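Reading the structure
These are the residues of each chain, in order.
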Amino acid sequence: MTGPTPTTPAWGSTSTAPSGTTLWRRARAVLAVLAILLGSAVALAALDSGTRHGYLDPRSADPTGSRAVAELLKERGVTTRVVTTAREAAAASGPGTTLLVTDPALLGEAQRRTVRSAMDLSGGRTVLLGPDGPSLPGLAPGVRTEQGFTAAALAPACALPAATTAGRATTGTGLRYSTTLPGATACYPSDGHPTLLVLPTGTTGGDTVILGSETILLNESLAKEGNASLALQLLGSRPDLVWYLPSLADTDPDAGAADEDKTLFDLIPAGWSWALLQLFVAAALAALWRGRRHGPLVTEQLPVAIRASEATEGRARLYRKAGARDRAATVLRAAARERLAALVGVPHSQAHDPSALVPSVSARLTDGTRDVNTLLFGPTPSDDAALVALADHLDALEREVRTS
């Protein structure tokens, strides 16, 4: 078996580069996934920006939020203001306000001093939710926490009007307290220790309410027992309610004494500046190392220069030795179809489609006896002679179309 004619390109030259349509089919799945992720992120952000704020937040309609009690207080003429720093809480306190501290454990020493000063001087009511540990001595001296099992729903067992009106309430899901301070009112006891204490504050007529559990303020439990009544009476005794939600930014002991807001660089620890400098130096050295050319460009000397015709003949001999007439015929026909498609104006994507290529090629032929379909898409040659004849016929077909 001899090699193909000089006008026939080397076998295996069929183009495998993906077309624009193929690239779009591959990319649209990735784009669809990205669009879904982006849409989900926007939807979640929209949902979170509405009623989701946080635990015990009067703006939150979540089960663990407190929007329900805030709405009920609003119907009773009580305005609720949310603050997140001790300075704001102290500035908003007064004789006609109730200051609610939702998480006293988050307060630093400076914040506790600020809140305690407001409790002594405002003449209003202060409600502390679950104070324990270091927050009790600073905010309620003389009160201690007690250990032991506590039932969820407890009876008032005291003369406090708010408790007697509310009846049983789920104040027993948190801490219990004990105190020897004069004038203290102890309610909702469990094993002899109250879960609600009312203490007189200073000589200004104000008082401090220590509530061991925040359960009565949550949306999910407000309707249980007498929780709603107790919450409204404890928080609605004054026309204004200051709802203090301590934040992590307010836990710094010196934050309460700051005279101006800190910038972004003030909030970054000092050690990070050195770390960033080291990372910058390392990145610069890596860029110099990767970008530096180690010597001049060198032209690679190929060991042997082989003509295209010799490479074609060598591949033909390999096909002949292996008896791969089917592979040889397929490569010959594929290369011929692509060249003919370019000559007759058939798109590259339809070069191997008989219904698109055969009519266009036949229209360019003057001799109507040639079977173009069998020649370009026919069966595998039965022997080497038939394969050589196929190569000759393809070459003749291409010459005729080219000169027509």
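Every chain is numbered on its own, with residues counted from 1 as its sequence reads. Selection of residues for local features in this predicted model requires a pLDDT of at least 70, selection of side-chain atom pairs for listing and counting requires 80 or more, and totals for whole chains, interfaces and linings are taken over all residues. For the side-chain quantities, the full set of heavy atoms in the structure was used; hydrogens and water were omitted.

**Things to note about the overall build of the protein**
Selection criterion: Helix and strand definitions follow DSSP, with helices as H or I runs of at least four residues and strands as E runs of at least two, each counted in order from the N terminus. Whether a residue is buried, partly exposed or exposed follows from its accessible area with a 1.4 Å probe, protein chains only, as a fraction of its type maximum: under 20%, in between, or over 50%, in that order. Residue burial considers only the protein chains on display, and all accessible areas are found by Shrake-Rupley using a 1.4 Å probe.
Counting its regular elements, the protein contains 14 helices and nine strands. Expressed as a percentage of the 404 residues in the protein, the buried residues total 36%. Approximately 22,900 Å² of the protein is accessible, and the part contributed by carbon and sulfur atoms is 59%.

**Quick look at the sheet that holds strand 8 (residues 206-211)**
Strand pairing in a sheet relies on backbone hydrogen bonds. The paired strands run either parallel or antiparallel. This is how it is decided: At least two bridges found by DSSP between two strands is the condition for calling them paired. Between N-to-C directions, angles span 0 to 180 degrees; the directions come from axes that are lines fitted to C-alpha atoms, helices contributing only their stretch in contact.
Across the sheet, which stays open at both edges, the seven strands sit in the order 1-9-2-3-8-7-6 with mixed pairing between neighbours. Unpaired on one side and paired on the other, strand 1 (79-83) and strand 6 (185-190) mark the two borders of the sheet. Recorded for the sheet is a direction-independent mean angle of 15° between the axes of neighbouring strands.

**So, the side chain of Thr171**
With respect to the helices and strands, the residue Thr171 is situated in the loop between helix 6 (161-166) and strand 5 (176-179). Exposure remark for Thr171: the relative accessible area of 0% places this residue in the buried category.

**Considerations on the state of the cysteines**
To be explicit about the condition: Disulfides are defined as pairs of cysteine sulfur atoms found within 2.5 Å of each other.
Applying the stated criterion across every chain, the model contains one disulfide. The partner cysteine of Cys158 in its disulfide is Cys187, sulfur to sulfur 2.0 Å. Classification of the bridge connecting Cys158 and Cys187 rests on its S-S torsion, roughly 95°, and on that basis the disulfide is right-handed. In this pair, Cys158 sits in the loop between strand 4 (143-146) and helix 6 while Cys187 sits in strand 6, placing the two residues 29 residues apart along the sequence. Pair check on accessibility: Cys158 and Cys187 agree, each one buried.

**Some words on the nonpolar core**
Applicable threshold: Residues belong to one nonpolar core when they are buried, are Ala, Val, Leu, Ile, Met, Phe, Trp, Tyr or Cys, and are joined through side-chain atoms within 4.5 Å. We call two residues contacting when some pair of their heavy atoms lies within 4.5 Å.
Leu100, Leu160, Tyr188, Leu196, Leu217, Leu230 and Leu235 are the most contacted members of the largest nonpolar core, which has 32 residues in total. Apart from residues no more than four positions distant in its own chain, Leu235 is found in contact with Leu73, Val78, Thr98, Leu100, Val127, Leu217, Leu241 and Trp243. The next biggest cluster of nonpolar side chains, apart from the first, holds 26 residues, and it includes Val331, Leu340, Val358 and Leu375.

**A few points about the environment of Val242**
Within the secondary structure layout, Val242 lies in strand 9 (residues 240-244). In sequence terms Val242 and Val82 are 160 residues apart; their C-alpha atoms lie 6.1 Å from each other. Val242 has contacts with Arg81, Val83, Ala89, Ala92, Thr97, Thr98, Leu99 and Leu100, leaving out every residue within four places of it along the chain.

**What about the packing of helix 11 (residues 325-344) against helix 12 (residues 354-362)?**
Threshold: Here is the rule for angles: anything less than 35 degrees is roughly parallel, anything more than 145 is roughly antiparallel, 65 through 115 is roughly perpendicular, and the remaining ranges are oblique. Two helices crossing with the near one rotated counterclockwise from the far one by less than a right angle form a left-handed crossing, whereas a clockwise rotation gives a right-handed crossing. Under this grouping Gly is polar, as are all residues other than the nonpolar Ala, Val, Leu, Ile, Met, Phe, Trp, Tyr, Cys and Pro and the charged Asp, Glu, Lys and Arg.
Contact geometry of helix 11 with helix 12 gives a least axis separation of 10 Å together with a crossing angle of 60°. As judged from the angle between their axes, helix 11 and helix 12 are oblique. Judged by the sense of rotation from one axis to the other, the crossing of helix 11 with helix 12 is left-handed. Residues Arg337, Leu340, Ala341 and Val344 of helix 11 lie in contact with helix 12, whose contacting residues are Leu357, Ser360 and Val361. Along the lines of polarity and charge, the residues of the contact of helix 11 with helix 12 split into five nonpolar, one polar and one charged.

**Brief notes about a nonpolar patch on the surface**
Our working rule: Surface patches are drawn from residues lacking salt bridges whose relative accessible area is over 30%; two like charges belong together within 9 Å, two nonpolar side chains (Val, Leu, Ile, Met, Phe, Trp, Tyr) within 5 Å. Note on definitions: salt bridges are taken to be side-chain nitrogens of Lys or Arg within 4 Å of carboxyl oxygens of Asp or Glu.
Together, Trp274, Leu277, Phe280, Val281, Leu285 and Leu288 make up a nonpolar patch on the protein surface, roughly 700 Å² of accessible area in all. On the secondary structure map, Leu277 appears in helix 9 (residues 270-291).

**Structural notes on the confidence of the model for the protein**
Spelled out, the test is: pLDDT expresses, on a scale from 0 to 100, how confident the predictor is about each individual residue.
Residues of the protein with pLDDT of at least 70 account for 81%, and the chain-wide mean is 82. Every residue in residues 1-16 scores below 50 in pLDDT, and together they form 36 contacts with partners more than four places removed in sequence or on other chains. Confidence over residues 252-259 falls short of pLDDT 50; this stretch has eleven contacts with residues more than four positions distant or in other chains.

**Considering the packing of helix 11 against helix 14 (residues 384-403)**
Helix-helix packing is characterised by the crossing angle of the two axes and by the distance between the axes. Following both chains from N to C, one finds helix 11 and helix 14 inclined at 5°, their axes separated by 10 Å at the closest point. In terms of orientation, helix 11 lies roughly parallel with respect to helix 14. Residues Arg325, Ala328, Ala329, Leu332, Arg333, Ala336, Arg339, Leu340, Leu343 and Val344 of helix 11 form the contact with helix 14, whose own contacting residues are Asp384, Leu387, Leu390, Ala391, Leu394, Leu397, Glu398, Val401 and Arg402.

**Section: the pattern of salt bridges**
Within this structure, the stated rule accounts for twelve salt bridges. With a shortest N-O distance of 3.9 Å, Glu71 and Arg67 are connected by a salt bridge. Here Arg67 and Glu71 lie together in helix 2 (residues 67-75), a separation of four residues that amounts to about one turn. Here Glu398 and Arg402 are joined by a salt bridge, their closest N and O atoms 2.7 Å apart. Of this pair, Glu398 and Arg402 both sit in helix 14, separated by four residues, roughly a single helical turn. A residue is classified by how much of its surface remains accessible, and Glu398, at 7% relative accessible area, is buried. Through salt bridges with shared partners, a single network forms among Arg339, Glu398 and Arg402.

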